[in-house]
Amino acid sequence: MKARIAVIAGDGIGPEVVAEGTRVLERVAEKFGHEFQMNAAPFGGAAIDLTGDPLPKATLDECLSADAVLLGAIGGPKWGPSSPVRPEQGLLRIRRELGVYANLRPIKLHPALRDSSAIKPEVLDGVDLVFVRELTGGIYFGEKTRTATTATDLCSYSVAEVERITRVAGRLASSRRKQVFSIDKSNVLETSRLWREVAERVIKQEFPDVSIEHMLVDSAAMHLIRRPRDFDVLVTENMFGDILTDEGAMLASSLGVLPSASIGEGRRGLYEPIHGSAPDIAGKGIANPVGTILSVAMLLRHSLALETEALAVEGAVNKAIEDGARTADIAEKGRPALTTRQMGDAILAALD
Ligand code: NAD
C-alpha cells in the first residue's frame, strides 16, 4: 500500500527516538512491499525557534494531508512556563485540529521487565489494561483568566463529548474483558456528575454485554497500584487521564516503553510515546525508543489497517527484550545498557 506519514520529531529526545521509529517504518515498507512517504515537519520548541509558532501552518497542513502522524515529544526548559509562547500550546492545538479526541494508552508489562519496575513483581503479574483518555476537552481547553491576584481555568464537558469517548471505551472493552471502569470526581465536580450519568447510559444502552464500574479518581490512583490486574479498560477525562497514565506507566517499568494512539472519527491518528522530551538525558543517545516503536505498531494497526505488520513490530520488540536488549532506564543493576541506536538495531534485527 501507499501511505503518507507526517513525522514530527519535536524537542529533547524526540528526534532521537523518532529516528528509530522511522527506521522501523522503512524496514516494514521494504519487508512487506509498501511505500511510505515520510515527510518531516518542525513542531514544538524547535518550531518556535524557527518561526515563532509551535505549530506552523506548513506543519499543520502536512499533518492534515497525511494518513497518520508520528510525533516524538515537545518541550524543554528553554520554553518554560513563563515563556510567552510554549510548545505545549502547539500540542493542544494539533490534537484539536486533527480531531483526535480519544487517547489510547495500553499498559502491559513485558514479563522479562517485571524486576525493573519499582512495584513488587507479584502485584504486576498479569497486568494488561488500556486507558482511554479524553483528549480535546475539559480544563486544558477551557477559558483561562489571570489577574495580579487570581487565576481561573474553566472545566467543561458536553453530553456529546462524553458519549463519543465512552463509545470508544465500550468498543474496546467489547473486544477485551468486557469491563469499563469510568473514573471521575463526582462527589465534588459537576462535570464529573454529567460524565458519570452519560457514561452509565451509553454503556448500558449500547454495550449490553459490557459492565461499567464508576470510581473516584483518588480511589483509582490507589487501586491502580494496589490491584492493577483487576483493571481492563479505564475511561476518564483529560486531566485525570494525564495524571493517571503516568502513574500507570510505572506498572510497565519505565515511561520509555509505552506507546499511545490518539484517534478520532476517521482513520487518521496521531501516534506518540507517552513520555516527554526528557531534557535530563537529551543529546546523550541513551533514550529508550521502545515507546516510539510500539507507537509505530499502533499507527500501522489503526491508521493503515496493517495488522500483520503491527504484530511483526510488537513481536520484534518482545523478542529484543527477551534476548536481553535494554536501554539504561530498564537495565538491571550492573548490566551494560544499549544506546538508543543499538536498541533500534536489536529491534530491527528481531524484525528480520
Ligand atoms: P519526561 O517524560 O520528559 O521525563 C520524565 C523522566 O523519565 C525523566 O527522568 C526522563 O529522563 C525519563 N524518560 C522519559 N522518556 C524516556 C525514555 N524514552 N527513555 C529513558 N528515560 C526516559 O517528563 P518531564 O521531565 O516531566 O517533562 C520534560 C518536558 O517534556 C517538559 O517540557 C514537558 O512539558 C514535556 N512533556 C511533553 C510531552 C509530550 O510531548 N507529549 C509529554 C509530557 C511532558
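Residues numbered from 1 in each chain as written. Predicted model: local features only at pLDDT ≥ 70, side-chain atom pairs only at ≥ 80, totals over all residues. Heavy atoms only, no water.

What to know about the nonpolar core
Note the threshold: By convention a nonpolar core is built from buried Ala, Val, Leu, Ile, Met, Phe, Trp, Tyr and Cys residues, the set being connected through side-chain atoms within 4.5 Å. Classification of residues uses two cut-offs on accessible area relative to the type maximum, computed with a 1.4 Å probe and protein chains only: under 20% is buried, over 50% is exposed, and between them is partly exposed. Going along the chain from the N terminus, every DSSP run of H or I of four or more residues is numbered as a helix, and every run of E of two or more is numbered as a strand. All domain edges in this entry derive from an automatic or database-based domain assignment. Contacts: residue pairs with any heavy atoms within 4.5 Å of one another.
In terms of nonpolar packing, the biggest core is built from 82 residues, with Phe36, Leu129 and Leu300 touching the most fellow members. At eight residues, helix α10 (residues 290-302) tops the list of elements feeding residues into this core. If you count residues domain by domain, this core takes at least three from each of domain 1 (1-108 + 258-352) and domain 2 (117-252). Among all residues touching Phe36, those that are not within four sequence positions of it are Ala3, Ile5, Leu25, Val28, Ala29, Leu300, Leu304 and Leu306. The next biggest cluster of nonpolar side chains, apart from the first, holds 16 residues, and it includes Ala41, Leu91, Leu98 and Val100.

Details of the site of the ligand
The condition is simple: Here a residue counts as near a molecule or strand whenever at least one of its heavy atoms sits within 4 Å of it. Whenever two N or O atoms come within 3.5 Å, that pair is a polar contact, provided that in protein one can donate a hydrogen and the other can accept it, and provided that, for residues adjacent in sequence, both atoms are side-chain atoms. Using the Shrake-Rupley algorithm and a 1.4 Å probe, accessible areas are obtained, with residue cover drawn only from the displayed protein chains. Each residue gets one of three labels, nonpolar for Ala, Val, Leu, Ile, Met, Phe, Trp, Tyr, Cys and Pro, charged for Asp, Glu, Lys and Arg, and polar for the others, Gly among them.
Taken together, 20 residues lie around the ligand, and Glu88, Gly276, Ala278, Asp280 and Asn288 are the ones closest in. Separating an oxygen atom of the ligand from a backbone N or O atom of Ser277 is a distance of 3.0 Å. Between an oxygen atom of the ligand and a side-chain N or O atom of Asp280, the distance comes to 2.8 Å. The fraction of the free accessible surface of the ligand (810 Å²) that becomes covered by protein chains is 68%. Tallied by class, residues from the shell around the ligand come to nine nonpolar, seven polar and four charged.

Regarding helix α6 (residues 159-174)
The test is simple: To estimate how far a helix should extend, the number of its residues minus one is multiplied by 1.5 Å.
Taking 1.5 Å per residue as the helical rise, α6 with its 16 residues ought to reach 22 Å, and the 22 Å between its terminal C-alpha atoms agrees with that figure. Burial in α6 covers these residues: Glu161, Val162, Glu163, Ile165, Thr166, Val168, Ala169, Gly170 and Ala173.

What about the pairing of strand β9 (residues 211-216)?
Selection criterion: Two strands are said to pair when DSSP picks up at least two bridges between them. The handedness of a crossover follows from its direction of travel: if, with the strands pointing away from the viewer, the path from the first strand over the helix to the second runs clockwise, the crossover is right-handed.
As paired elements, strand β8 (residues 179-184) and β9 share six bridges and run parallel to each other. Counted as the bridge partner of Phe181 is Glu213 from β9. Crossover β8 to β9 through helix α7 (residues 190-206) is right-handed.

What to know about the packing of aromatic side chains
The condition that has to hold: Only the six-membered ring of Trp is used, alongside the rings of Phe and Tyr, when aromatic pairs are assigned; centres must lie within 6.5 Å, and planes under 30 degrees apart are stacked while those over 60 apart are edge-to-face, with the rest tilted.
Per the counting criterion, the structure on display carries two aromatic pairs. Relative to Trp195, the ring of Tyr157 has its centre 5.4 Å away and its plane inclined at 75°; by these criteria the two rings are edge-to-face. One end of the pair, Tyr157, is in the loop between β7 (151-153) and α6; the other, Trp195, is in helix α7, with 38 residues separating them in the sequence. Look at Trp195 and you get buried, because its relative accessible area is 2%.

Focus: the sheet that holds strand β12 (residues 269-273)
Defined as follows: Structural elements are reduced to axes, namely lines fitted to C-alpha atoms, with helices fitted over the stretch in contact, and the angle between N-to-C directions of any two is expressed from 0 to 180 degrees.
Overall, mixed pairing links the 10 strands, which are arranged β2-β1-β3-β12-β11-β4-β5-β10-β8-β9 in an open sheet. Where the open sheet ends on each side, the last strands, each with one partner, are β2 (35-40) and β9. Mean inter-strand twist for the sheet, computed between neighbouring axes without regard to direction, equals 25°. Strands β1 (2-10), β3 (68-73), β5 (128-134) and β12 of the sheet are contacted by helix α4 (residues 87-98), whose axis makes an angle of about 145° with β12. Of the strands in this sheet, β4 (102-108), β5, β8 and β10 (233-236) are in contact with helix α9 (residues 238-249), which crosses β5 at around 155°.

Quick word on the domain arrangement of the chain
Which entries qualify depends on this criterion: When two components associate, each loses some accessible surface as probed by a 1.4 Å sphere; the sum of these losses over both components is called the buried area. By definition here, a salt bridge exists when the distance from a side-chain nitrogen of Lys or Arg to a carboxyl oxygen of Asp or Glu is within 4 Å.
Domain annotation of the chain identifies domain 1 (1-108 + 258-352) and domain 2 (117-252). Domain 1 and domain 2 are separated by 24 Å when their C-alpha centres are compared. With 15 residues of domain 1 at the interface, the matching set in domain 2 holds 21 residues. Per-residue buried area on domain 1 facing domain 2 is highest for Tyr101, Arg105 and Ile107; these three make up 41% of the total on that side. Joining domain 1 to domain 2, the criterion identifies zero salt bridges. Between domain 1 and domain 2 we count six residue pairs in polar contact (both at pLDDT 80 or more) in total.

As for the side chain of Thr136
In this structure, Thr136 sits in the loop between β5 and β6 (144-146). With relative accessibility at 7%, the residue Thr136 sits in the buried group. Separated by 3.5 Å, the side chains of Thr136 and Arg164 make a polar contact.

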